[in-house]
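Residues per chain are reported as follows:
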Amino acid sequence: MIVLGIETSCDETAAAVVAVDRTILSNEILSQFEEHRPYGGVVPEIAARAHLEYLNAVIIKALKIANVSFQDLSGIGVTGGPGLIGGVTVGVMTAKAIADVHKLPFLAINHLEGHALSARLSHGVTFPYLLLLVSGGHCQLLIARELGQYEKLGGTIDDAIGEAFDKTAKLLDLGYPGGPAIESAAKTGNPQSLTLPRPLSGRPGCDFSFSGLKTAVRNSVVKLGKNKLSSDEAADIAASFQCAVADVLKDRCTNAFKEFTKAFPEIRPVLVAAGGVASNLYLRDSLREVCTMHKADLIAPPPILCTDNAAMIAWAALEHLQNGEKTNLNFSPRPRWPLEEGKSYSANL
Ligand code: KG4
Ligand code: ZN
């Protein structure tokens, strides 16, 4: 079984071919950083137009590298949402056309489920597991009970975690995309240089809040009273911010472990960290610490499968296809699509 995956929900135009034995035959990703850099963030209209311009070539390249043709495929999976609707529409329409012409099963995949299952592709993780989904638009803790069954333990009540990284990077003039810029600047900074809040820490539950932390960083920058920060100052603030985020994640995961153990007392917990922010190595080290404390294992896919990619979409489609599922071709792209809502294929069937 071989599946082609397409991902166009944000600023990566991506196509990948994945086989049932978890081999990634190709994983093409064209990032639109240059298109969006002048604006310091993703501009939806520009993203949609760029997907339209590049997607065909990216798909052809993914098939070529995988050394397969459309006839060799068992199905085609595409991000059906959530995401920027223009980009999602470009991907969905392309996938529908290919599926229709080549008489292939079509699977509209929830982008978040792609992230959620990425550790099954990279590490063959078995259900159930605890899932920390940390990306540009999301920050959630869930129990992945089985394929299509995701129980949300908590989520952000204001900003998403990646958004907090991106806005902080912008404030510190570290450039775009912000997450990797903060991680890199923080390497030479002192994480204790600023006293920053750890929002919701010590409170019950698994919700997150990042807006207070963002404001505290802004106030610290204003207090310095400078037009331009020195690279040492920016590094110290980046390190302090990243350390605060790590503490928040550790605190929230501690509560999530309790929930997991209540649900599955006999099972040694596995914490899967997925999504773009999970590619941050400093945060991974912190999560590893909290896992050790709770006799749990941390599994994080390689960074290339954490940030947006089409291999995770192909894999999620493959898992649903193996389950005998497919999506009706009348599927409409979904700008919002909560993961806990259920199976990827369930919309518009
Ligand atoms: O999963 P993803 O590629 O796209 C979404 O589905 O949102 O996540 C993108 C987010 C961006 O906010 C980016 O700044 C953040 O992930 N990110 C990171 C790192 N690499 C990407 N955040 C912190 N550290 C990183 N190394
Ligand atoms: Zn994503």
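Residues numbered from 1 in each chain as written. Chains lettered and ligands numbered in written order. Predicted model: local features only at pLDDT ≥ 70, side-chain atom pairs only at ≥ 80, totals over all residues. Heavy atoms only, no water.

1. Quick notes on the site of ligand 1
Applied cut-off: Any residue with a non-hydrogen atom lying within 4 Å of a molecule or strand is treated as near it. Polar contact is the term for a pair of N or O atoms within 3.5 Å; when the atoms are in protein, one must be able to donate a hydrogen and the other to accept it, and sequence-neighboring residues count only if both atoms are side-chain atoms. In short, Shrake-Rupley with a 1.4 Å probe defines the accessible areas, and a residue's cover is counted only from the protein chains shown. In this description a helix means any DSSP run of H or I spanning at least four residues, a strand means any run of E spanning at least two, and both kinds are numbered starting from the N terminus. Following the grouping adopted for this structure description, the nonpolar residues are Ala, Val, Leu, Ile, Met, Phe, Trp, Tyr, Cys and Pro, the charged ones are Asp, Glu, Lys and Arg, and the polar ones are all others, Gly among them. For the domain bounds, the source is a domain assignment made automatically or taken from a database.
What surrounds ligand 1 is a group of 19 residues, the closest being G136, D166, E183, G276 and D308. Within the side chain of H115, a nitrogen or oxygen atom sits 3.2 Å from an oxygen atom of ligand 1. A distance of 2.7 Å separates a nitrogen atom of ligand 1 from a polar side-chain atom of E183. Considering ligand 1 on its own, with 550 Å² of exposed area, one finds that the protein chains cover 88% of that surface. Going through the elements one at a time, α4 (111-123), α5 (161-171) and α6 (178-186) are the ones with two or more residues in the shell around ligand 1. Its residues assigned to classes, the shell around ligand 1 comprises four nonpolar, twelve polar and three charged. Domain assignment of the residues forming the shell around ligand 1 places at least three in each of domain 1 (2-116 + 308-348) and domain 2 (127-304).

2. Structural notes on the packing of α6 against helix α8 (residues 231-263)
What describes two packed helices is the angle between their axes and the distance between those same axes. Quick reminder of the rule: Note on geometry: axes are C-alpha line fits, over the in-contact stretch for helices, and angles between N-to-C directions span 0 to 180 degrees. The labels follow the angle: roughly parallel below 35 degrees, roughly antiparallel above 145, roughly perpendicular from 65 to 115, and oblique for the rest. We call two residues contacting when some pair of their heavy atoms lies within 4.5 Å.
Between α6 and α8, whose axes approach to 8 Å, the crossing angle comes to 110 degrees. Judged by the angle between their axes, α6 and α8 are roughly perpendicular. Contact residues: I182, E183, A185 and A186 in α6; A235, A238, A239, F241 and Q242 in α8. Looking at the contact of α6 with α8 residue by residue, the classes come out as seven nonpolar, one polar and one charged.

3. Quick word on the pairing of strand β5 (residues 106-110)
Applicable threshold: Buried residues are those whose accessible area, probed at 1.4 Å on protein chains only, stays under 20% of the maximum for their type, while exposed residues exceed 50% and partly exposed ones sit between those limits. In this analysis, strands are considered paired if DSSP registers two or more bridges between them. Handedness is read with the strands pointing away from the viewer; a crossover is right-handed when the path from the first strand over the helix to the second is clockwise.
Along β5, five of the five residues are buried, which leaves the element largely enclosed by surrounding structure. Here strand β4 (residues 75-81) pairs with β5 via five bridges, running parallel. Bridge pairing links T79 to I109 in β5. Assessed by its sense of winding, the connection that carries the chain from β4 through helix α3 (residues 85-101) to β5 is right-handed.

4. Overview of the coordination of the zinc ion (ligand 2)
Here is the rule: Sites may look incomplete, because water is not among the atoms used; the donor set itself consists of N, O and S atoms within 2.8 Å of the metal (3.2 Å for Na, K and Ca).
Of the protein atoms, only H111 (NE2), H115 (NE2) and D308 (OD) coordinate the zinc ion (ligand 2), at distances of 2.0 to 2.1 Å. The exposure class assigned to H115 is buried, which follows from its relative accessible area of 0%. Residue D308 is classed as buried on the basis of its relative accessible area, which comes to 15%.

5. A word on the packing of aromatic side chains
Given two aromatic rings, one states the distance between the centres and the angle between the planes to describe the pair. What counts, and what does not: A pair of aromatic rings is counted whenever rings of Phe, Tyr or Trp (Trp by its six-membered ring) have centres within 6.5 Å, and the orientation is called stacked for planes under 30 degrees apart, edge-to-face for over 60 and tilted otherwise.
A complete count under the given rule lists six aromatic pairs for this structure. Judged by centre distance (6.1 Å) and plane angle (15 degrees), the ring pair of F208 and F210 falls under stacked. Here the two residues F208 and F210 agree in accessibility, since each one is buried.

6. What about the environment of L133?
When you line up the elements, L133 lands in strand β6 (residues 129-134). Sequence separation of L133 and C306 is 173 residues, and the distance between their C-alpha atoms is 9.8 Å. If near-sequence neighbours (up to four positions away) are discounted, L133 is found in contact with L112, H115, H138, C139, Q140, L142, A274 and L339.

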